[in-house]
Amino acid sequence: MSLDGNSSSPPQGGAQTIAQDHSGPCPAAGNEVRNDWTREEIAALFDLPFDDLVFQAATIHRANHKAGQVQLSTLLSIKTGGCPEDCGYCNQSAHAESGLKAEKLLDVRTVLQSAAQAKDAGSSRFCMGAAWRNPKDRDMPAIIEMVQGVRQMGMETCMTLGMLTREQSEMLAEAGLDYYNHNIDSSPEYYEKVITTRTFEDRLETLENVRGSGINVCSGGIVGMGETREDRVGFVHALATLPRHPESVPVNALVPVRGTVLGDMLADTPLAKIDDIEFVRTIAVARITMPASMVRLSAGRESMSESTQALCFLAGANSIFTGDKLLTTGNAGDDADQALFAKLGLVPMAAEPRENQLEAAE
Ligand code: SAM
Ligand code: DTB
Ligand code: SF4
């Protein structure tokens, strides 16, 4: 569909058409899922007058999702700190001087207790994150028990454990894992400036392994790391041109932590903080280019005004992290979120666990 009701007109590629003619049909306002977006088209969306961009994103959102419904996920760090990777934003990197104490992998019982609490608080998905470059084979049995246990509670499961081999992906798929989170983080060009211990291609390879094993893909990134608009264009472009769009696209605003390269940069140059309107634009462009995906308003909500969050929901964000904590840093918290949902008339979405492949095969 398009805004003038002309359902047959395909999205057009010309950046100039999009940028110059605001009065006519919205060239990209289709239900059609495209994987052939060009950087020029995406840049032209970013360049739209803000109202036009948000209107177009909201229209696409309503054509593809139930307006006003927001999916709630809760995070737990199952293995904190001491990570060998050098991601410039991350306080869990052993290269950072954030003072975070490295811990061992939590035991299965502790993880399941946290999941039960998250369920009681209304969360439909439980996301378990580990500060690893990749899981070791000896970690897999405990990881599998965690997935199975959380699933048995009727929650959707998500894990983010670093790079995965195809074999490990298959093991997680068999255990019934619903989603695997693995972010591309930024444009391919900016990625190299933020992380040197693994490549953008390494990230894509894991995404391929996850996709190939039938697990839903959750992949997004961080804005506000000092990247340019062009990098944000490249970031969305990389996701929107994957052979299949990620089912879930987390857009994080950098949580600046002292002792990390980027946290210190932001503390020393406050003007580098991402502008709220530019953040909403990123959400809107993600929504337009990946119409069927869930777009998650992820880290950074704690320091975001209610109005900015409301604009993000209007622009197509339909998923958030709940609770007082993300992995290691603070989050908005359940009370603040309940108040915000009541004010905006938003309601939580129900859980829909992926068909357990083992059950399906029986
Ligand atoms: N170690 C695994 C990995 O990197 O894939 C999983 C955990 S890692 C903490 C998951 C994601 O959290 C990162 O890819 C990054 O996008 C996000 N993240 C980490 N630190 C952040 C920060 N300070 N602000 C915003 N997002 C952050
Ligand atoms: C994602 O994109 N954001 C979440 C989740 N995936 C794992 C993590 C945000 C982490 C923020 C910093 C912290 O709390 O450690
Ligand atoms: Fe390690 Fe993940 Fe943090 Fe990078 S983002 S340092 S891989 S925990």
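Everything discussed here concerns the structure shown above.
We now turn to the structure provided with this report. (Residues numbered from 1 in each chain as written. Chains lettered and ligands numbered in written order. Predicted model: local features only at pLDDT ≥ 70, side-chain atom pairs only at ≥ 80, totals over all residues. Heavy atoms only, no water.)

The subject of this paragraph is helix α12 (residues 306–314). Buried within α12 are the following residues: Thr-308, Gln-309, Cys-312 and Phe-313. Buried residues of α12, seen end-on, are gathered within an arc of 145° and therefore sit on one face of the element. Against β1 (69–79), α11 (276–289), β8 (294–297), β9 (317–322) and α13 (334–344) lie the buried residues of α12. Once α12 finishes, Gly-316 follows within two positions and takes phi at roughly 115°, a positive value. (Buried < 20%, exposed > 50% of the residue type's maximum accessible area, 1.4 Å probe, protein only. Helix = DSSP H or I, 4+ residues; strand = E, 2+ residues; numbered from the N terminus. Arc of directions from axis to C-beta. Contact = heavy atoms within 4.5 Å.)

You will see that Asp-185, though not glycine, has its phi angle at about 70°, which is positive. Of note, Asp-185 is situated in the loop between β4 (179–181) and α7 (188–194). Judged by its relative accessible area of 3%, Asp-185 falls in the buried class.

Around ligand 2, the neighbouring residues are Leu-75, Asn-91, Thr-160, Asn-181, Asn-183, Pro-250, Asn-252, Phe-321, Leu-326, Leu-327, Thr-328 and Thr-329. One of the side-chain nitrogen or oxygen atoms of Asn-183 is found 2.8 Å away from an oxygen atom of ligand 2. Here Thr-329 contributes a side-chain N or O atom positioned 2.8 Å from an oxygen atom of ligand 2. In isolation ligand 2 has 400 Å² of accessible area, and contact with the protein removes 87% of it. When each cavity is represented as a set of grid points, ligand 2 is found to reside in the largest cavity. Its residues assigned to classes, the shell around ligand 2 shows five nonpolar, seven polar and no charged. (Near = heavy atom within 4 Å. Polar contact = N/O pair within 3.5 Å; in protein donor to acceptor, adjacent residues only side chain to side chain. Areas by Shrake-Rupley, 256 points an atom, 1.4 Å probe, with all protein chains shown as cover. 1 Å grid on protein atoms, 1.4 Å probe; cavity = no way out; pocket = protein on both sides within 12 Å on 5 of 7 lines; lining within 4 Å. Sits in = over half its atoms within 2 Å of the grid points. Nonpolar A, V, L, I, M, F, W, Y, C, P; charged D, E, K, R; others polar.)

What follows concerns empty space enclosed by the protein. Regions of empty space are outlined by a rolling probe, equal in size to a water molecule, passed over the atoms. Summed over all chains, the structure comprises two cavities of 30 Å³ or more. Size it by volume and the largest cavity reaches roughly 840 Å³. The wall of the largest cavity is formed by 39 residues, among which Tyr-89, Cys-90, Gln-92, Asn-183 and Leu-327 lie closest to the centre. Listed by contribution, the elements that provide at least two residues to the lining of the largest cavity are β2 (125–130), β3 (156–160) and β7 (248–253). In terms of residue count, β2 provides more of the lining of the largest cavity than any other element does, three residues in total. Residue composition of the lining of the largest cavity, by class: 21 nonpolar, 13 polar and five charged. (Points joined across faces, edges and corners; volume = space filled by probe spheres on them.)

With respect to burial, β1 is a largely interior element, 10 of its 11 residues being buried. Pairing of β1 with strand β10 (residues 347–348) involves two bridges; the strand directions are parallel. Its bridge partner lying in β10, Val-70 is registered against Pro-348. Bridge analysis of β1 against β9 gives four bridges, and the strand direction is parallel. Bridged to Thr-74 within β9 is Thr-322. Of the pairings in the sheet, the one linking β1 to β2 comprises six bridges and is parallel in character. (Pairing = 2+ DSSP bridges.)

Glancing now at the pairing of β9. Within β9, six of the six residues are buried, which leaves it mostly tucked inside the rest of the structure. Here β8 pairs with β9 via three bridges, running parallel. By the bridge assignment for β9, Val-295 is matched with Ala-317. Handedness of the β8-α12-β9 crossover: right-handed. (Right-handed = clockwise from strand over helix to strand, strands pointing away.)

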